[in-house]
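One-letter residues, chain by chain:
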Amino acid sequence: MNISENIQKIKKDLPTGVDLVAVSKTQPHSKIKEAYDSGHKIFGENKVQELNEKYEKLPKDIRWHMIGHLQTNKVKYIAPFIDLIHAVDSEKLLKEIDKRAFQNNRKIDCLLQIHIATENTKFGFSENEANKILLRKEEYKNVNIRGLMGMATFTNNNIQIKEEFDYLSNIYNKYKDLNTLSMGMSGDYKIAIKSGSTMVRIGSTIFGARNY
Ligand SMILES: *Cc1c(COP(=O)(O)O)cnc(C)c1O
């Protein structure tokens, strides 16, 4: 398992304009440092406490992305440094991010999570709900809603996965002022790219299987 080789291999296949988020959740600092030393700077985490510990200990020029469900009461812990919040799934959360961004004298980049999977456990807005927010996005002065994020159903059915990504991509393409479409993980990022993803979130293909 060579982390830097894995990253190079993935990057070689990514079309220009598609960014790679190395999903480092549950991975030790040493593995993140290895990826960092090979030149990669964008890492994704899904737990606020773990994210904070890593932010404290690892190089300050790492761009940390929060990719998981974010609880409103935890926004304050990541507001000072977070580079992108992928999974905004309620207006309450958006308001809180706006407030904490203001307190930290910064503007925080966010994506709205759209529910595209058939599982009802996955969070996210419907197209309609997202539309209502996007029409009023200027009201959130300290938030920059850059785009959309989605997770396909966990299935081997590639046709279904492609349909779900295409559905999200069609929504994304209706908004000319968005520039980030976050979709695709280790198992489905090649499909996501075919559907127009601009940001893939890859963990196990880079770092190996996670030990929870
Ligand atoms: C864990 C996770 C990933 C990465 O998953 P892999 O299958 O390891 O690539 C991507 N996105 C989200 C939201 C995740 O929680």
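Residues numbered from 1 in each chain as written. Predicted model: local features only at pLDDT ≥ 70, side-chain atom pairs only at ≥ 80, totals over all residues. Heavy atoms only, no water.

Participant: Can you help me understand the side chain of Thr-153 in this one?
Facilitator: You can see Thr-153 is positioned in the loop between strand S6 (143–149) and helix H7 (158–173). Of the residues examined, Thr-153 reaches a relative accessible area of 7% and is grouped as buried. A distance of 2.9 Å separates a polar side-chain atom of Thr-153 from the backbone nitrogen of Thr-118. (Helix = DSSP H or I, 4+ residues; strand = E, 2+ residues; numbered from the N terminus. Buried < 20%, exposed > 50% of the residue type's maximum accessible area, 1.4 Å probe, protein only. Polar contact = N/O pair within 3.5 Å; in protein donor to acceptor, adjacent residues only side chain to side chain.)

Participant: I tried to follow the pattern of salt bridges on my own but got confused; where do I start?
Facilitator: Oppositely charged side chains can form a pair if their charged atoms are brought close together. Going through the model one piece at a time under the given rule, you end up with 13 salt bridges. Two residues, Lys-54 and Glu-50, come together in a salt bridge whose shortest N-O distance is 2.7 Å. Of this pair, Lys-54 and Glu-50 both sit in helix H3 (residues 48–57), separated by four residues, roughly a single helical turn. The partner of Arg-63 in a salt bridge is Asp-83, with the nearest N and O atoms 3.3 Å apart. Linking Arg-63 in strand S3 (residues 63–66) with Asp-83 in the loop between helix H4 (75–78) and strand S4 (84–88), this pair joins segments that are 20 residues apart in sequence. Residue Arg-63 is classed as partly exposed on the basis of its relative accessible area, which comes to 40%. Bridged by salt links that share partners, the residues Glu-45, Glu-50 and Lys-54 form one connected network. (Salt bridge = Lys/Arg side-chain N within 4 Å of Asp/Glu carboxyl O.)

Participant: Explanation requested: the environment of Lys-174 in the structure shown.
Facilitator: Position of Lys-174 relative to the elements: it lies in the loop between H7 and strand S7 (180–182). Along the sequence, Lys-174 and Lys-47 sit 127 residues apart, while their C-alpha atoms lie 32 Å from each other.

Participant: Quick question: what am I supposed to make of helix H5 (residues 91–103) here?
Facilitator: In an α-helix, one full turn covers 3.6 residues, which means residues spaced three or four apart are oriented alike. With 13 residues, H5 should reach 18 Å at 1.5 Å per residue; the first-to-last C-alpha distance of 19 Å fits that figure. Within the span of H5, buried status applies to Leu-93, Leu-94, Glu-96, Ile-97, Asp-98, Arg-100 and Ala-101. Buried positions along H5 lie against H4, S4, strand S5 (108–113), helix H6 (127–135) and S6. (Expected span 1.5 Å × (residues − 1). Contact = heavy atoms within 4.5 Å.)

Participant: How should the site of the ligand be read in this particular structure?
Facilitator: Taken together, Val-23, Lys-25, Ile-67, Met-149, Met-151, Met-185, Ser-186, Arg-201, Ile-202, Gly-203, Ser-204 and Arg-210 form the complete shell of residues around the ligand. Contact distances for the ligand include 2.7 Å between an oxygen atom and a side-chain N or O atom of Lys-25. Arg-201 has a polar side-chain atom sitting 2.9 Å from a nitrogen atom of the ligand. Across the complex, the protein chains shield 90% of the 380 Å² of accessible surface that the ligand would expose by itself. The residue makeup of the shell around the ligand, split by class, is six nonpolar, three polar and three charged. (Near = heavy atom within 4 Å. Areas by Shrake-Rupley, 256 points an atom, 1.4 Å probe, with all protein chains shown as cover. Nonpolar A, V, L, I, M, F, W, Y, C, P; charged D, E, K, R; others polar.)

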